[in-house]
Amino acid sequence: MTVLLSGGLVFDGCGNLYEHHGILLDGECIARFAPLGEFAGYTGPRVDTAGGTVLPGLIDCHVHLVFAGEANTWQRLTTLQPGAITLRALEHAQALLTGGITAARDCGGKDYLEFAVRDACNAGQFSGPIIRAAGRMICMTGGHGNRIGRVADGVEEVIRAVRDQIHAGSDLIKIMATGGVMTPGVNPEDAHYSAREIAAGIAEGHRFNRPCASHAQGTEGVLNAVRGGADSIEHGIFLDNECIDEMCQRGTVLVPTLSALLNILRHPNAGIPGEVMEKAERMASRHRESIKTFYQAGGKIAMGTDAGTPFNHHGENAMELHYMVETGITPADTLTAATGTAAALMKLDNRGHIRDGMIADLLIVDGNPVSSIFAATDKVNHRTVIKSGTVVAGQRPPESGNIDMATEKTVKTPLG
């Protein structure tokens, strides 16, 4: 069955905003994206997008499905049985989808429990985004994430840890290059793995065609990960000019996760451990400076939120776009980071763009997010979420099949 979306603006996932264009859906795919004149003779069902914008479904490159945004996420996780953890991960995946996130990368879970959720969502057994999952994050003895990660020390053991993840079914390798905020007793500025250890782990992942994401906050650890060949740097809080230059030269993608620290700072008296608050307060301004400088240097950025960390809730991921714009990234580049660039990082070759032949993962919003990013960040502006050509959230088509997903509410925002 074909459906024509027309009347509003279209953002294509590559930074371009179109007027007077239509998107013809055929089943789960985009059959044609073209000027409206090409559809003059179309007599099938239509969706009126007037007053709004159609863009690719948003992609979050850094979530933790097993965490639920509690003040002390680690402590809560230890009280739950495996079945309860799996069910909460499914609930979070479904919250992502209804929040406009049609694909997500889980950057570290617990005992591979999130794999069942990944497999069920990817197979269409349950509603959810396309998920790529890292499995157990790899860290040194006493390192960031050691309470649920795969602890490994030395080159040979790091290689074995990577093989463990691949054997378990991981889609990507997550390796911890530095300390972090949530683990007690570690300093985010400290490099944890040596350059040799992290390079060996990344090379082993690449040998088996697994991209590698590196948690890296301090400068030395970032450089170790970048020089070791990491596909993405997660967080990138203390980037200096050397880090930025080498990342730009190598095409290393930065996944900022601004939501993580900002949501901690917004809840100073809500039970977040004092050490976590102290680290967040010390690092937040430096984090924003690093992201802004990296962007101004022309670096590649993909959206990621670290959803699941304190008060950083699944389903509210789109607010990351607002935080990115606040650092000085343009709305168009921010939207590209959350669509085309994110899809490339996740190796989703048939998603993240609006063009002929792509899978129809779409978000229809009121207004023009290139003019005002709130059109995409605030869920009140989300008209419809479409996954693989099917409406999964928002206004649904009536049973008659005469499809009209437009809402009565429209926001007349001029083209930005």
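The structure displayed is predicted, hence computed values, not measured ones.

Each value, and the rule that gives it
Residues numbered from 1 in each chain as written. Predicted model: local features only at pLDDT ≥ 70, side-chain atom pairs only at ≥ 80, totals over all residues. Heavy atoms only, no water. Helix = DSSP H or I, 4+ residues; strand = E, 2+ residues; numbered from the N terminus. Rg over C-alpha atoms; globule rule 2.2 N^0.38 Å. Lys, Arg positive; Asp, Glu negative; His and termini not counted. Charge placed at Lys NZ, Arg CZ, Asp CG, Glu CD. Axes fitted to C-alpha atoms, helices over the stretch in contact; angles between N-to-C directions. Parallel < 35°, antiparallel > 145°, perpendicular 65-115°, else oblique. Left-handed = near helix turned anticlockwise from the far one by under 90°. Contact = heavy atoms within 4.5 Å. Nonpolar A, V, L, I, M, F, W, Y, C, P; charged D, E, K, R; others polar. Pairing = 2+ DSSP bridges. Salt bridge = Lys/Arg side-chain N within 4 Å of Asp/Glu carboxyl O. Phe/Tyr/Trp six-rings, centres within 6.5 Å; stacked < 30°, edge-to-face > 60°. Expected span 1.5 Å × (residues − 1). Buried < 20%, exposed > 50% of the residue type's maximum accessible area, 1.4 Å probe, protein only. 1 Å grid on protein atoms, 1.4 Å probe; cavity = no way out; pocket = protein on both sides within 12 Å on 5 of 7 lines; lining within 4 Å. Points joined across faces, edges and corners; volume = space filled by probe spheres on them. pLDDT = per-residue confidence, 0-100. Arc of directions from axis to C-beta.

Description of the overall build of the protein
Across its full length, the protein holds 13 helices and 19 strands. Against the compact-globule benchmark of 22 Å for 416 residues, the protein has a radius of gyration of 21 Å, which places it among compact chains. Along the first, second and third principal axes, the C-alpha set of the protein runs to 65 × 45 × 45 Å. Across the protein, 35 positive and 46 negative side-chain charges occur, with their mean positions spaced 3 Å apart.

Side note on the packing of helix α6 (residues 219-228) against helix α7 (residues 241-250)
Direction vectors running N to C along α6 and α7 enclose 20°, while the axes themselves pass 10 Å from each other. One element, α6, and the other, α7, form an angle in the roughly parallel class. Here the hand of the crossing between α6 and α7 comes out left-handed. In contact with Thr-219, Val-222, Leu-223, Val-226 and Arg-227 of α6, α7 contributes Glu-242, Cys-243, Glu-246, Met-247 and Arg-250. Split by residue class, the contact of α6 with α7 holds five nonpolar, one polar and four charged.

Looking at the sheet that holds strand β6 (residues 46-48)
The strands making up a sheet associate through backbone hydrogen bonding, with each pair oriented either parallel or antiparallel. Taken together, four strands build an open sheet; the order of strands is β5-β4-β1-β6 and the sheet is mixed. Edge strands, defined here as strands with exactly one partner in the open sheet, are β5 (29-35) and β6. Strand-to-strand twist across the sheet, computed as the mean angle between neighbouring axes with direction ignored, equals 20°. Note that strand β1 (residues 2-6) and strand β4 (residues 21-26) share four bridges and pair antiparallel. Paired with Thr-2 across the two strands is Asp-26, which belongs to β4.

Details of the pattern of salt bridges
In total, this model carries 20 salt bridges according to the counting rule given. Note that Glu-275 and Lys-279 form a salt bridge whose closest N and O atoms lie 3.3 Å from each other. With Glu-275 and Lys-279 both in helix α9 (residues 274-296), this residue pair falls four residues apart, about one helical turn. Overlapping salt bridges, with partners in common, bring together Arg-150, Glu-157, Arg-160 and Asp-164 in one network.

A look at the packing of aromatic side chains
Counted according to the given criterion, the structure contains three aromatic pairs. Relative to Trp-74, the ring of Phe-67 has its centre 5.3 Å away and its plane inclined at 70°; by these criteria the two rings are edge-to-face.

Considerations on the sheet that holds strand β10 (residues 130-133)
The strand order across the open sheet built from three strands is β8-β9-β10, with neighbouring strands paired in parallel fashion. With one partner strand each, in any of the chains shown, β8 (58-63) and β10 form the two edges of the open sheet. Neighbour-to-neighbour, the strand axes of this sheet turn through a mean angle of 15°, independent of strand direction. Two strands pair when backbone bridges link them, and strand β9 (residues 101-106) and β10 are joined in this way by four bridges, in the parallel orientation. Within the sheet, the bridge partner assigned to Arg-105 lies in β10 and is Arg-132. Running over the sheet, helix α3 (residues 114-122) touches β9 and β10 and is turned about 150° from β10.

With respect to helix α5 (residues 195-207)
End to end, α5 covers 18 Å across 13 residues, agreeing with the expected 18 Å (1.5 Å per residue, within 8%). For α5, the set of buried residues is Glu-197, Ile-198, Ala-200, Gly-201, Ile-202, Glu-204 and Gly-205. Buried-residue contacts for α5 involve α4 (155-168), β13 (173-176), β14 (212-216) and α6.

Re the environment of Val-186
Following the sequence through the fold, Val-186 ends up in the loop between β13 and α5. With 121 residues separating them in the primary sequence, Val-186 and Ala-307 have C-alpha atoms 21 Å apart. Look past the residues within four positions of Val-186 in its chain and what remains in contact with it is Gly-142, Gly-179, Gly-180, His-192, Glu-275 and Lys-279.

What to know about empty space enclosed by the protein
All told, the structure shown has one cavity of 30 Å³ or more when counted by the stated rule. Here the largest cavity is characterised by a volume of approximately 270 Å³. If you go around the largest cavity, you meet 25 residues; those closest to its centre are His-144, Met-182, His-235, Asp-306 and Thr-309. Among the elements that make up the lining of the largest cavity, the one with the highest residue count is helix α8 (residues 258-265) (three residues). Across the lining of the largest cavity, the residue classes tally to 11 nonpolar, 12 polar and two charged.

Digging into the confidence of the model for the protein
Close inspection of predicted coordinates is inappropriate in any region flagged by low pLDDT. Here the protein shows a mean pLDDT of 93. Residues at 70 or above account for 95%. Of the regions scoring below 50 in pLDDT, residues 396-416 engages in 52 contacts with residues more than four places distant in sequence or in other chains.

Notes on α4
For α4, built from 14 residues, the straight-helix expectation of 20 Å at 1.5 Å per residue is met to within 8% by its first-to-last C-alpha distance of 20 Å. Every buried residue of α4 is listed here: Val-155, Val-158, Ile-159, Ala-161, Val-162, Gln-165 and Ile-166. An end-on view of α4 places all buried positions within 155° of arc, on one side of the element. Exposed residues on α4 whose side chains face more than 90 degrees from its buried face are Glu-156 and His-167. Next to the buried residues of α4 lie β11 (138-139), β12 (150-151), β13 and α5. Positive backbone phi, at 110°, marks Gly-169, one or two positions downstream of α4.

Thoughts on the pairing of strand β19 (residues 390-394)
In the sheet, strand β18 (residues 382-387) pairs with β19 via four bridges, with the strands oriented antiparallel. Pairing of Lys-387 across the sheet is with Thr-390, part of β19. Between β18 and the antiparallel strand that follows it, β19, lie two residues; Ser-388 among them carries a positive phi value of about 50°.

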